[in-house]
Amino acid sequence: MGTLTGQVAVVTGGGSGIGKAICQQLSSQGAHVWVTDIQAEHASQVSEEIRQQGHQATAFRLDVTDHSAVRDFFAHVDQECGRVDILVNNAGIAGHPSLLVNMSDEAWMQMFNIHVHGSFYCLREAAKRMIQQNYGRVVNMSSLAAETSLAGFAHYGAVKYALVGLTEATAKELAGYQITVNAIKPGVIRSALTQGFLASAEERLATATPAKRIGNPEDIAMAVSMLVQPAASFVTGASLVVDGGFNLMNEMDRVMLDMLQ
Ligand SMILES: NC(=O)c1ccc[n+]([C@@H]2O[C@H](COP(=O)([O-])OP(=O)(O)OC[C@H]3O[C@@H](n4cnc5c(N)ncnc54)[C@H](O)[C@@H]3O)[C@@H](O)[C@H]2O)c1
């Protein structure tokens, strides 16, 4: 029996990369995982793989930007499972880099629709159920871009900071119902989202990271697993950086380590 046996988990953007690893991790600990994604085929593949490993998963095509679809999806989960213990708001895109003066309304709005509005719609539905059952664990996927926003990614930085705001306000609102809400800020993680960028930058980034490697989706899934455990009941409103130490390093550290190692 795993620590999440009998629990129901909803993961958005579960069809690839970090979301897929989260679905695999939570199901391996006994949760029935709803693998949701805008790409129905990817969600089906992931849930099929999980079931083949003897765990519980159900695929569902869900576009998080569609608030009535989100409402209908949670009503469907009610009928099938009768509860929602874990929500991981993970669906996202990186968008294209652009200077603010050249950024289109469409690019800006799409970023907000997926990350901010999508997470809000899902959290609002999940929270109603979690309040009723007096238990819940929520993880919002922010980014290291909410520690220091990258030039060329004003839209991405803005939404990832917004997710920290959503996390902190709702952590306070929901703590009295035994519901925790936390954010994770991944560093650079190997996935479809970073594939193009890593093709040229991987070696340089790995060298600059104290852990001497790029992150894998499983590194983030492990952090999610820590935060959603029933025993993690006192951890709420936190933003956990998971980046192999990358963000802590500065030039002075490099000088010191070169001198001493
Ligand atoms: N990879 C990284 O280095 C990194 C770093 C920090 C944060 N993140 C965040 O982690 C999350 C997952 O990213 P990833 O690297 O696994 O990328 P990914 O592209 O592999 O996965 C993102 C998933 O989200 C889905 N998705 C996109 N729009 C959607 C929508 N409207 N509704 C439902 N699903 C939708 C995609 O279909 C895809 O399966 C994102 O929120 C991303 O911003 C990633």
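Residues numbered from 1 in each chain as written. Predicted model: local features only at pLDDT ≥ 70, side-chain atom pairs only at ≥ 80, totals over all residues. Heavy atoms only, no water.

### Considering the sheet that holds strand 7 (residues 239–242)
Ordered by their spatial adjacency, seven strands build an open sheet running 3-2-1-4-5-6-7, and the pairing between neighbours is parallel. The open sheet terminates on both sides in strands that have one partner only, identified here as strand 3 (57–61) and strand 7. Mean inter-strand twist for the sheet, computed between neighbouring axes without regard to direction, equals 20 degrees. Here strand 4 (residues 86–89) pairs with strand 5 (residues 136–141) via four bridges, running parallel. Opposite Val88, over in strand 5, you have Val139 as the bridge partner. Packed onto the sheet, helix 4 (residues 105–133) meets strand 4, strand 5 and strand 6 (179–186) and runs at close to 170 degrees relative to strand 4. (Pairing = 2+ DSSP bridges. Helix = DSSP H or I, 4+ residues; strand = E, 2+ residues; numbered from the N terminus. Axes fitted to C-alpha atoms, helices over the stretch in contact; angles between N-to-C directions. Contact = heavy atoms within 4.5 Å.)

### Quick look at the pairing of strand 5
Extensive coverage of strand 5 is indicated by the burial of six of its six residues. Both faces of strand 5 are covered, namely the face carrying Gly136, Val138 and Asn140 and the face carrying Arg137, Val139 and Met141. Taken together, strand 4, helix 4 and strand 5 constitute a β-α-β crossover, and its handedness is right-handed. Bridge count for strand 5 against strand 6 is six bridges, and the pairing is parallel. When the sheet's bridge partners are listed, Val138 is paired in strand 6 with Val181. Taking the sense of rotation as the criterion, the β-α-β connection linking strand 5, helix 5 (residues 154–174) and strand 6 turns out right-handed. (Buried < 20%, exposed > 50% of the residue type's maximum accessible area, 1.4 Å probe, protein only. Right-handed = clockwise from strand over helix to strand, strands pointing away.)

### Some points on the nonpolar core
Counting residues in hydrophobic clusters, the biggest one holds 28 residues, and the most contacted among them are Ile22, Leu26, Val88, Ile184 and Val224. Elements with a minimum of two residues in this core: strand 1 (8–11), helix 1 (17–28), strand 2 (32–37), helix 2 (40–52), strand 4, strand 5 and helix 7 (217–228). Here this core gets six residues from one element, more than from any other, and that element is helix 7. With residues up to four places along the chain from it excluded, the contact list for Val88 reads Val10, Val11, Thr12, Ile22, Leu26, Val139, Met141 and Val224. Counting 26 residues, the second largest nonpolar core, distinct from the first, contains Phe74, Val77, Leu123 and Ala126. (Core = buried A, V, L, I, M, F, W, Y, C linked by side-chain atoms within 4.5 Å.)

### As for the environment of Glu251
Positionally, Glu251 belongs in helix 8 (residues 251–260). For Glu251, a relative accessible area of 53% gives the class exposed. Each C-alpha atom of the pair Glu251 and Ala208 lies 10.0 Å from the other, and the pair is 43 residues apart in sequence. Only 3.1 Å separates the side chain of Glu251 from the side chain of Arg254, close enough to count as a polar contact. (Polar contact = N/O pair within 3.5 Å; in protein donor to acceptor, adjacent residues only side chain to side chain.)

### Some remarks on the site of the ligand
Near the ligand lie 29 residues; those nearest to it are Ser16, Asp37, Tyr156, Ile189 and Ser191. A distance of 2.8 Å separates an oxygen atom of the ligand from a polar atom in the backbone of Ile18. Separating an oxygen atom of the ligand from a side-chain N or O atom of Ser191 is a distance of 2.5 Å. Expressed as a share of its isolated accessible area of 820 Å², the protein-covered part of the ligand is 94%. Of all the elements in the fold, those that place two or more residues in the shell around the ligand are helix 1, helix 4 and helix 5. Across the shell around the ligand, the residue classes break down as 13 nonpolar, 13 polar and three charged. (Near = heavy atom within 4 Å. Areas by Shrake-Rupley, 256 points an atom, 1.4 Å probe, with all protein chains shown as cover. Nonpolar A, V, L, I, M, F, W, Y, C, P; charged D, E, K, R; others polar.)

### A word on the pattern of salt bridges
Enumeration according to the criterion identifies ten salt bridges in this entry. Where Glu125 meets Arg129, a salt bridge forms, and the shortest distance between an N and an O atom there is 2.9 Å. With Glu125 and Arg129 both in helix 4 and four residues apart, the pair spans about one turn of that helix. On the basis of relative accessible area, Arg129 is assigned to the buried category, the value being 15%. With a closest N to O distance of 2.8 Å, Arg213 and Asp219 form a salt bridge. (Salt bridge = Lys/Arg side-chain N within 4 Å of Asp/Glu carboxyl O.)

### Some points on the pairing of strand 3
In the sheet, strand 2 pairs with strand 3 via five bridges, with the strands oriented parallel. Following the sheet pairing, Asp37 is matched in strand 3 by Arg61. Since strand 2 and strand 3 lie parallel, the crossover through helix 2 that links them has a hand, and here it is right-handed.

### So, helix 2
Spanning 13 residues, helix 2 covers 18 Å between terminal C-alpha atoms, matching the ideal 18 Å at 1.5 Å per step. Among the residues of helix 2, those classed as buried are Ala43, Val46, Ser47 and Ile50. In an axial view of helix 2, the angular spread of the buried residues amounts to 95 degrees, which keeps them on one side of the axis. Opposite the packed face of helix 2, turned more than 90 degrees from it, sit the exposed residues Glu41 and Gln52. (Expected span 1.5 Å × (residues − 1). Arc of directions from axis to C-beta.)

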